[in-house]
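# Residue-level structure breakdown
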Amino acid sequence: MENQKLKKEIGFFTALTIVMGTVIGSGVFFKPEAVYSATGTASLGLLAWILGGVITICGGLTAAELSAAIPQTGGMMMYLQKTYGKLTAYLLGWAQTVIYFPANIAALSIIFATQVANLFGTGDGIIVPVAIAAAAFIMLMNFIGAKVAGSFQAVTTICKLVPLILIIIFGLFHQGDVAFRLFPISVEDHPFLTSLGSGLVATMFAYDGWIHVGNIAGEMKNPKKDLPKAIVFGLTGVMLVYLLINIAYLFVMPAAALAATATPASDVANIIFGSIGGKLITVGILISVFGTINGYTMTGIRIPYAMALDNQLPFSNWFKKLGAKSSVPYNGGIVILIISIIMIFSGGFNQLTDMLIFVIWIFYTLTFIAVFVLRKREPELVRPYKVPLYPVIPIIAILGGAFIVLNTLFTQPMNAGIGLVLTAIGLPIYLYKKKKGHFSE
């Protein structure tokens, strides 16, 4: 019945803009610090951005097969449930509730506060209170209703393109004394593989959001033809934008300087446009980050609600409550906000983003493997779109995902360990609920 209600109205161009608009967020403005800190050089840093784009494109093309074959509300949770059973899907929902969305909101709130401190020239002492205020304000705005939050999202989506375009255009033509080489790829005193891996993990936060691309498959006029084109051209476009803006950064500031600042985009803008122009660009970046926080908040508060409908959480009846006027699942929002505030106190931007990328890429990799499992187990499943160059592209996606997970596990065991522990906490809750007969496989 759900599939019959989907109106097939989306064409190629609309799908293309959805792809690019979903993925381009705030990471491109702030992740250069982590990328060049990890890689140490411009050439290896740019290679990390390229590899991140290639893995993202392969991942998007692979996951889109499941999206087209299983166009159900819940997205990745439904793909994993169909392939591996309810436990895997539950752990994904749990991880999204206690790690992925709170860590995103916390990390983005920290970077928003860092930008505010940079804009007004205040000390770091305001970062935590401003970050908490930003996260709380966005959450309260979402409690008013989806219409208000949605309108705000539309405005900020347009605003985020302005600083991107201006920095790219003026940065590429900037006349300065900064020089860098793309080839040969240099490593300096950083081990090649682990440096590239850590840089790659940092870029994946900027590329994150691609998993939602396939969710439009059921509403496309011709998903078999247009979906792969939208993914390839859209994500390639995102990768080119990221490469261009990083080259623009490197024309203005050396890699070592980018690695040493928490506000690389603002610092570059100050050099290009001067103090006043740089502040205007910083305001544009602030609006962009605020919109990204809103996007993760809108999506995140609905995850515990969806899980509570299947009685998968403690106090499920409490999580199922909606606002009398707004019809917003505010109790889930309260819990996510509390976790986000704890994370704001406990970790910085890069620590939080590396942890959430580690956890979510475990489930992304399981999603790629699911394509092979379902091809063999359910060959009769209707697939409006099939991943091209099968099995090469899914294998690249799986290898990329495995590399991201294993590299984080070995190079950042603390972040990986915290993520695994928080995810594993959901297991006894699931087993207790199942034993009580609240849900079954």
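Provided above is the structure to which this section pertains.
The sections below set out a description of the structure shown in this document. None of these values were measured; they are calculated from a predicted model. (Residues numbered from 1 in each chain as written. Predicted model: local features only at pLDDT ≥ 70, side-chain atom pairs only at ≥ 80, totals over all residues. Heavy atoms only, no water.)

## What about the nonpolar core?
- F29, M76, W210, Y242, W361 and Y364 are the most contacted members of the largest nonpolar core, which totals 135 residues.
- Looking at this core, the element that brings in the most residues is helix 7 (residues 86-120), giving 21 residues.
- Once you skip the residues sitting within four places of it in the chain, W210 turns out to touch V23, T56, G59, G60, A63, L235, W361, Y364 and F368. (Core = buried A, V, L, I, M, F, W, Y, C linked by side-chain atoms within 4.5 Å. Buried < 20%, exposed > 50% of the residue type's maximum accessible area, 1.4 Å probe, protein only. Helix = DSSP H or I, 4+ residues; strand = E, 2+ residues; numbered from the N terminus. Contact = heavy atoms within 4.5 Å.)

## Observations regarding empty space enclosed by the protein
- Counted by the stated rule, this structure contains one cavity of 30 Å³ or more.
- Taken as a whole, the largest cavity holds about 30 Å³ of empty space.
- Contributing to the lining of the largest cavity are L92, A95, Q96, I99, Y100, L356, V359 and I360.
- Among the elements of the structure, helix 7 and helix 18 (349-377) are those that each provide at least two residues to the lining of the largest cavity.
- Sorting elements by how many residues they give to the lining of the largest cavity places helix 7 first, with five residues.
- Tallied by class, the residues present in the lining of the largest cavity amount to seven nonpolar, one polar and no charged. (1 Å grid on protein atoms, 1.4 Å probe; cavity = no way out; pocket = protein on both sides within 12 Å on 5 of 7 lines; lining within 4 Å. Points joined across faces, edges and corners; volume = space filled by probe spheres on them. Nonpolar A, V, L, I, M, F, W, Y, C, P; charged D, E, K, R; others polar.)

## Comments concerning the packing of helix 10 (residues 161-172) against helix 14 (residues 264-300)
- Where helix 10 meets helix 14, the closest approach of the two axes is 10 Å, and the angle between their N-to-C directions is 170°. With respect to their mutual orientation, helix 10 and helix 14 come out roughly antiparallel. For the pair helix 10 and helix 14, the contacting residues are P163, L166, I167, F170 and G171 in the first and A265, V268, I272, F273, I281, G284 and I285 in the second.
- The residue inventory of the contact of helix 10 with helix 14, partitioned by class, reads ten nonpolar, two polar and no charged. (Axes fitted to C-alpha atoms, helices over the stretch in contact; angles between N-to-C directions. Parallel < 35°, antiparallel > 145°, perpendicular 65-115°, else oblique.)

## Topic: the pattern of salt bridges
- In total, this model carries five salt bridges according to the counting rule given.
- Across the pair E65 and R375 runs a salt bridge, and its minimum N-O distance is 2.8 Å. Of this pair, E65 sits in helix 5 (residues 42-69) while R375 sits in helix 18, and the two are 310 residues apart along the sequence.
- Taking the shortest distance from any N to any O, the salt bridge between R383 and E65 comes out at 3.3 Å. Of the two residues, R383 sits in the loop between helix 18 and helix 19 (392-411) while E65 sits in helix 5, which places them 318 residues apart along the sequence. (Salt bridge = Lys/Arg side-chain N within 4 Å of Asp/Glu carboxyl O.)

## Side note on unusual backbone geometry
- Cis peptide bonds are those with omega within 30 degrees of zero, and the linkage from Y390 to P391 qualifies with 5°.
- Note on placement: P391 falls in the loop between helix 18 and helix 19.
- Of note in the backbone geometry, N311 takes a positive phi value of approximately 60° without being a glycine.
- Residue position: N311 is located in the loop between helix 15 (302-309) and helix 16 (316-319).
- The exposure class of N311 is partly exposed, given its relative accessible area of 22%.

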